[in-house]
Amino acid sequence: MIKKRKFALSTTQIILLSFLVTILLGSIFLTSPISSATGKSVPYLDALFTATTSTCVTGLVTLPTVSTWSVFGQVVILILIQIGGLGIITTMSGLMLLLNKKMGIGDRLLIQDSFNLNTMSGLVKFVKNVLFGTLIIETIGALFYMLVFVPEFGARGIWISVFNSVSAFCNAGIDIIAENSLCNYATNPLINIVTSTLIILGGLGYIVWWDIIRVIKSRSSKNRQIFKHLTLHSKIAITVTAGLVFIGAILIFIFEYANPLTIGELSLFDKIQVSFFQSVTTRTAGFATIPQENLTNASTAVSIILMLIGGSPVGTAGGIKTVTISVLVCSAFATIRNKNSATLFGRRIAEESIKKAVAVVVMFLAICATSTILLMATSNVSAIDAIYETVSATATVGLSRNLTATLNTFGKLIIIVTMYFGRVGPISFAVALGNKNESQNVISEPTEDISIG
């Protein structure tokens, strides 16, 4: 008698499918007449694109959010953004906790994989902290936004503030203020500070939050030394984030200083804050205070690099991630210096972490390159615009050189798939398609030296 093989999905495959199902359900809601500002159904491809960019917290849009969607449609988009930012598994786990349902081992494995955690210890508490922390930060952000938007828009300013706060923290970059994103508020210090803070907090990652809180609670009032007692992950995330933001801001300030199409006509203070915001928003946020198509070639190149790197792991940001790129660079320098192992902040980096970093970078760049070639082959776009668009989509940034709205059907489909791959993670997708349990070879293959470089 032949025993039937039981079909079962791996946790990674469940995560991939959950995002796909959420996108499809969102597209169905958005294509209904009630979601449209005009009462007429939006073409399904545009509804699918919007559902994808919202769930994948990217921000690229084919239709203006403020004028295309009704309040109902905007609510659907906001829900998709929040689910995408937190993760479907986290959202479902939160509902289970709200209903006082216990989590089984399968639920815990899903949470562990969705956050790419190394342990299953304290997962329930972790989910509670994530949900509570997100609610607190988004609420505070909305209250600060209201100081500007309520006097300007009246009661509607409350809704705009809530929407913008959730979108900024989730690094989505979608807004319901104007068709030119935040360009009208480029020189507003409060909008710049609040938006940048929300973006950075979301991009740092939840692990860093709890680590900082842990150290603050454990240290005496006379001997804080918070940074010294942080984990290696937190040290890398904070250091690289700060370095990239400030270096990026300085370079953009220099390259755009005399550009009349961006910051050339602004005061020195305004030039500084606009440059700083551009550096922050390219780290997967997607809000724009200056037209991206007006940037100099040098600033465009800097922005592409910042988008590629993105934020930090276990947060709302996308990209290759700060920790991943740090591990890769550190490993490269260790090899150049003939060192046996790579170290950061006095700690040796595990070989497994280096292998994962290489895999993530290779898959990420492969997706970007494939998408760029396909976009250029199917659409009449320049190389720089295509690269900017596909990197933005893969890294779930949402910035565009005014290209998204002009894409043809093939172009939209390419960006939809690219955004999906970028959100679920290049390495997660590769693992999901691979064998769940690969047996180890009893006899290893023979080794042979090859020339590198």
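Structure's up top.
Below, the structure is looked at part by part. In this text the structure is predicted, and so the values were computed from the model without any measurement.

Here we look at helix α9 (residues 189-204)
Stage number 1. Taking 1.5 Å per residue as the helical rise, α9 with its 16 residues ought to reach 22 Å, and the 22 Å between its terminal C-alpha atoms agrees with that figure.
Stage number 2. Of all the positions in α9, only Ile-191, Asn-192, Val-194, Thr-195, Ser-196, Leu-198, Ile-199, Gly-202, Gly-203 and Leu-204 are classed as buried.
Stage number 3. In this fold, the buried residues of α9 make contact with α7 (123-153), α8 (156-169), α10 (206-218), α11 (232-256) and α12 (268-281).
Stage number 4. For α9, the N-terminal capping position is held by Asn-188, with its side-chain oxygen 3.0 Å away from the main-chain nitrogen of Leu-190.
Stage number 5. Phi for Gly-205, located one or two positions after α9, is positive at around 105 degrees.

Quick word on the nonpolar core
Stage number 1. The biggest cluster of nonpolar side chains holds 62 residues, and the ones touching the most others in it are Leu-30, Ile-81, Phe-149, Tyr-206 and Ile-415.
Stage number 2. Judged by nonpolar contacts, the second largest core, of 19 residues, contains Ala-288, Leu-295, Ile-304 and Leu-399.

Thoughts on the side chain of Arg-401
Stage number 1. Structurally, Arg-401 can be placed in the loop between α16 (383-394) and α17 (409-424).
Stage number 2. Judged by its relative accessible area of 11%, Arg-401 is buried.
Stage number 3. Reaching out from Arg-401, the side chain makes a polar contact with the backbone oxygen of Gln-292 at a distance of 3.2 Å.
Stage number 4. At 2.6 Å, the side chain of Arg-401 and the side chain of Asp-385 are in polar contact.
Stage number 5. In this structure Arg-401 touches Gln-292, Glu-293, Leu-295, Thr-300, Ile-384, Asp-385, Tyr-388 and Glu-389, once residues within four positions along its chain are discounted.

Brief notes about the pattern of salt bridges
Stage number 1. This structure, assessed with the given rule, holds three salt bridges.
Stage number 2. Residues Arg-214 and Asp-211 are paired through a salt bridge, measuring 2.5 Å at the closest nitrogen-oxygen approach. With a gap of three residues between them, Arg-214 and Asp-211 both fall in helix α10, about one helical turn apart.
Stage number 3. Here Arg-214 falls in the partly exposed class, since its relative accessible area comes to 40%.
Stage number 4. In this structure, Arg-401 engages Asp-385 in a salt bridge whose closest nitrogen and oxygen atoms are separated by 2.6 Å. Here Arg-401 is found in the loop between α16 and α17, whereas its partner Asp-385 is found in helix α16, with 16 residues between them in sequence. Across the pair, Asp-385 and Arg-401 agree in class, each one buried.

Focus: empty space enclosed by the protein
Stage number 1. Under the definition given, this model contains one cavity of 30 Å³ or more.
Stage number 2. Each pocket or cavity is described by its volume, and for the largest cavity that value is around 70 Å³.
Stage number 3. Considering the residues around the largest cavity, the lining is formed by Asn-171, Ile-199, Ile-200, Gly-203, Leu-204, Thr-241, Val-245, Val-280, Arg-283 and Gly-311.
Stage number 4. Counting residues per element, the lining of the largest cavity draws most heavily on α9, which supplies four residues.

Topic: a nonpolar patch on the surface
Stage number 1. Together, Val-21, Leu-25, Ile-28, Phe-29, Ile-34 and Phe-72 line one region of the surface with nonpolar side chains, adding up to about 570 Å² of accessible area.
Stage number 2. Top contributing element to the nonpolar patch by residue count: helix α1 (residues 11-30), with four residues.
Stage number 3. Along the polypeptide, Ile-34 turns up in the loop between α1 and α2 (44-55).

Observations regarding the packing of aromatic side chains
Stage number 1. Applying the stated criterion to the full structure yields eleven aromatic pairs.
Stage number 2. On the basis of an interplanar angle of 85 degrees and a centroid distance of 5.6 Å, the ring pair of Phe-149 and Tyr-185 is categorised as edge-to-face. In this pair, Phe-149 sits in helix α7 while Tyr-185 sits in the loop between α8 and α9, placing the two residues 36 residues apart along the sequence.
Stage number 3. Phe-149 sits in the buried class, given a relative accessible area of 0%.
Stage number 4. Measuring from centroid to centroid gives 5.5 Å for Trp-209 and Trp-210, while their planes differ by 85 degrees, and the two rings are edge-to-face.
Stage number 5. We classify Trp-209 as buried; its relative accessible area is 10%.
Stage number 6. Taken together, Tyr-145, Phe-149, Phe-153 and Tyr-185 form an aromatic cluster joined through their ring pairs.
Stage number 7. Directly above the ring of Phe-153 sits Arg-156, whose terminal nitrogen or CZ lies 5.6 Å from the centroid.
Stage number 8. Here the guanidinium or amino end of Lys-271 rests over the ring plane of Tyr-257, the centre of that ring lying 3.5 Å away.

Reading the values: rules and limits
- Residues numbered from 1 in each chain as written.
- Predicted model: local features only at pLDDT ≥ 70, side-chain atom pairs only at ≥ 80, totals over all residues.
- Heavy atoms only, no water.
- Helix = DSSP H or I, 4+ residues; strand = E, 2+ residues; numbered from the N terminus.
- Expected span 1.5 Å × (residues − 1).
- Buried < 20%, exposed > 50% of the residue type's maximum accessible area, 1.4 Å probe, protein only.
- Contact = heavy atoms within 4.5 Å.
- Polar contact = N/O pair within 3.5 Å; in protein donor to acceptor, adjacent residues only side chain to side chain.
- Core = buried A, V, L, I, M, F, W, Y, C linked by side-chain atoms within 4.5 Å.
- Salt bridge = Lys/Arg side-chain N within 4 Å of Asp/Glu carboxyl O.
- 1 Å grid on protein atoms, 1.4 Å probe; cavity = no way out; pocket = protein on both sides within 12 Å on 5 of 7 lines; lining within 4 Å.
- Points joined across faces, edges and corners; volume = space filled by probe spheres on them.
- Patch = residues over 30% accessible without salt bridge, like charges linked within 9 Å, V, L, I, M, F, W, Y side chains within 5 Å.
- Areas by Shrake-Rupley, 256 points an atom, 1.4 Å probe, with all protein chains shown as cover.
- Phe/Tyr/Trp six-rings, centres within 6.5 Å; stacked < 30°, edge-to-face > 60°.
- Lys NZ or Arg CZ within 6 Å of the ring centre and 35° of its normal.

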